Amino acid sequence: MLNSAQEAAKVICKDDTVITLWSYSCIIRQPLYNILAGTSNLTLHQYEFHAARIKHPTSKCPVSLISAPSPEFFGNSAIREGLQYLPTHIEMIGAKFMAHIWVHSIGQSSSLLVSSGKPRHWSDLEGILGNMANMDQVVFLTTNWEHVTQGIGQKEELKIQEALREPVEEGLIFERLTETGFLSAWGAVQRVICASSGDEAEVRKKMGVQKRIKREEEKKEINEEWRIGQIQPEIDELYAQLNKTEDGRRMCARLKKAAADQDKYMVPLLAQTDRVELEPEEKAILEKKIEEEYLLCLREFRGHFEELRLMGFSIGFNLREFYGLRDPERSKKRRLGLFTRSRPGTVHQHGLIQQSDLPPDP
């Protein structure tokens, strides 16, 4: 909890290398913690932070070893405060996180995994580390290999690696502690330190960043498509309302004309951004022009919506949200043609209402 986090923080000194142990249960990380810290009789607690300042057996460099509360208790406000307090304190005093080690008992693996093959509460750990560390700073350490045959252990390890494919792509690495003992434990920690520093770590970090950016872009793309899917029925409903009255039909025509004008100006501009031969200065000018046109179009639609509200027409939540707030850059293309798309049962060339289909603008 917060008090135990503050007590753990007192152990950490400037220039220390900080290594944090995590696991599904404190019982799993307790043997490794006690071997490294030389505290054979210490009992770790699920809800508390434990810390020991130790020296590397060969380099004699100071290492602050922390046992964190089990991730499943992150919902506890005091534990959450402690997890927020420690990184701030570590940065303030000039120490540094070298690695976060998830300790997994391969000998008990079947009971520690969920149906997807991921360790229990691994998703909680990802949520916790979201603001603290990237996956290139995380090591998945399997222990208790002496309690399982090599074949079964490797099979379990491969199953976990496949389930954690995305974290692995973002830099997560696997290490083994094949024997329980002081030298073996420090050997595993040394491999963790080496993997978390130097050229290898830099390569993993760059690859991880690239993978995260790509994955975030893919998620944005999916979310944007979902939003469009939610908006189109609301547009159809709005058109249905508008077509019931003469004034409504006039507003309907104005919306369609505004959308057609938006396409007329924006589509050619957006097409130019795909030209590879654009010079940086040309690209900057083009992007500024697109931004200006985009804001003009957005302002026009907001004006139409305000007029519709004054006339007593209801506008769907997603539609208000979509046009009422600024959206990410990629939304600009998504907005094109929304109000010129045909309602079900109406067929037009390319799915758009043609100018000849529109009633006169009032």
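First, a word on what this report is: a plain description of the structure on this page. (Residues numbered from 1 in each chain as written. Predicted model: local features only at pLDDT ≥ 70, side-chain atom pairs only at ≥ 80, totals over all residues. Heavy atoms only, no water.)

### Points about the sheet that holds strand β2 (residues 50–55)
Move 1: Ordered by their spatial adjacency, six strands build an open sheet running β2-β3-β1-β4-β5-β6, and the pairing between neighbours is mixed. Since the sheet does not close on itself, it has two edges, and those belong to β2 and β6 (173–176), each with one partner. Adjacent strand axes in the sheet meet at a mean angle of 25°, parallel and antiparallel pairs treated alike.
Move 2: In this structure, strand β1 (residues 17–22) lies alongside strand β3 (residues 62–67), joined through five bridges in parallel fashion. Bridge pairing in β3 links L21 to S67.
Move 3: Relative to the sheet, helix α6 (residues 150–163) contacts β4 (96–105), β5 (138–143) and β6, its axis offset from that of β6 by approximately 160°. (Pairing = 2+ DSSP bridges. Helix = DSSP H or I, 4+ residues; strand = E, 2+ residues; numbered from the N terminus. Axes fitted to C-alpha atoms, helices over the stretch in contact; angles between N-to-C directions. Contact = heavy atoms within 4.5 Å.)

### Let's talk about the environment of A188
Move 1: Within the fold, A188 resides in helix α8 (residues 182–195).
Move 2: Those residues in contact with A188, other than ones at most four positions away along the chain, are L141, R176 and L177.

### Considering unusual backbone geometry
Move 1: Backbone geometry places H121, a non-glycine residue, at a positive phi of 65°.
Move 2: Residue placement: H121 occurs in the loop between α4 (109–112) and α5 (122–129).
Move 3: For H121, a relative accessible area of 25% corresponds to the partly exposed category.
Move 4: Located in the positive-phi region is N144, a residue other than glycine, with phi close to 60°.
Move 5: Note that N144 resides in the loop between β5 and α6. (Buried < 20%, exposed > 50% of the residue type's maximum accessible area, 1.4 Å probe, protein only.)

### Observations concerning the pattern of salt bridges
If the charged atoms of two oppositely charged side chains come close together, the side chains can form a pair.
Move 1: Across all of its chains, the model carries 11 salt bridges by this definition.
Move 2: Notably, a salt bridge pairs R53 with D16, separated by 2.7 Å at the nearest N-O pair. Of the two residues, R53 sits in strand β2 while D16 sits in the loop between α1 (2–11) and β1, which places them 37 residues apart along the sequence.
Move 3: Residue R53 is classed as partly exposed on the basis of its relative accessible area of 42%.
Move 4: With a closest N to O distance of 3.8 Å, E162 and R165 form a salt bridge.
Move 5: Given the relative accessible area of 54%, E162 is considered exposed. (Salt bridge = Lys/Arg side-chain N within 4 Å of Asp/Glu carboxyl O.)

### Regarding empty space enclosed by the protein
Move 1: Throughout the structure, instances matching the rule amount to two cavities of 30 Å³ or more.
Move 2: Of the volumes computed, that of the largest cavity is approximately 60 Å³.
Move 3: For the largest cavity, the full set of lining residues is T20, W22, F49, I66, L83, L86, P87, F97, H100 and M132.
Move 4: Of all the secondary-structure elements, those providing two or more residues to the lining of the largest cavity are β1, α3 (77–93) and β4.
Move 5: If one sorts the elements of the lining of the largest cavity by residue count, α3 sits on top with three residues.
Move 6: Tallied by class, residues from the lining of the largest cavity come to eight nonpolar, two polar and no charged.
Move 7: In this model, the second largest cavity occupies a volume close to 30 Å³.
Move 8: For the second largest cavity, the full set of lining residues is S23, Y24, I28, W102, V103, H104, L112, P119 and R120. (1 Å grid on protein atoms, 1.4 Å probe; cavity = no way out; pocket = protein on both sides within 12 Å on 5 of 7 lines; lining within 4 Å. Points joined across faces, edges and corners; volume = space filled by probe spheres on them. Nonpolar A, V, L, I, M, F, W, Y, C, P; charged D, E, K, R; others polar.)

Geometric values such as these leave the question of function open.
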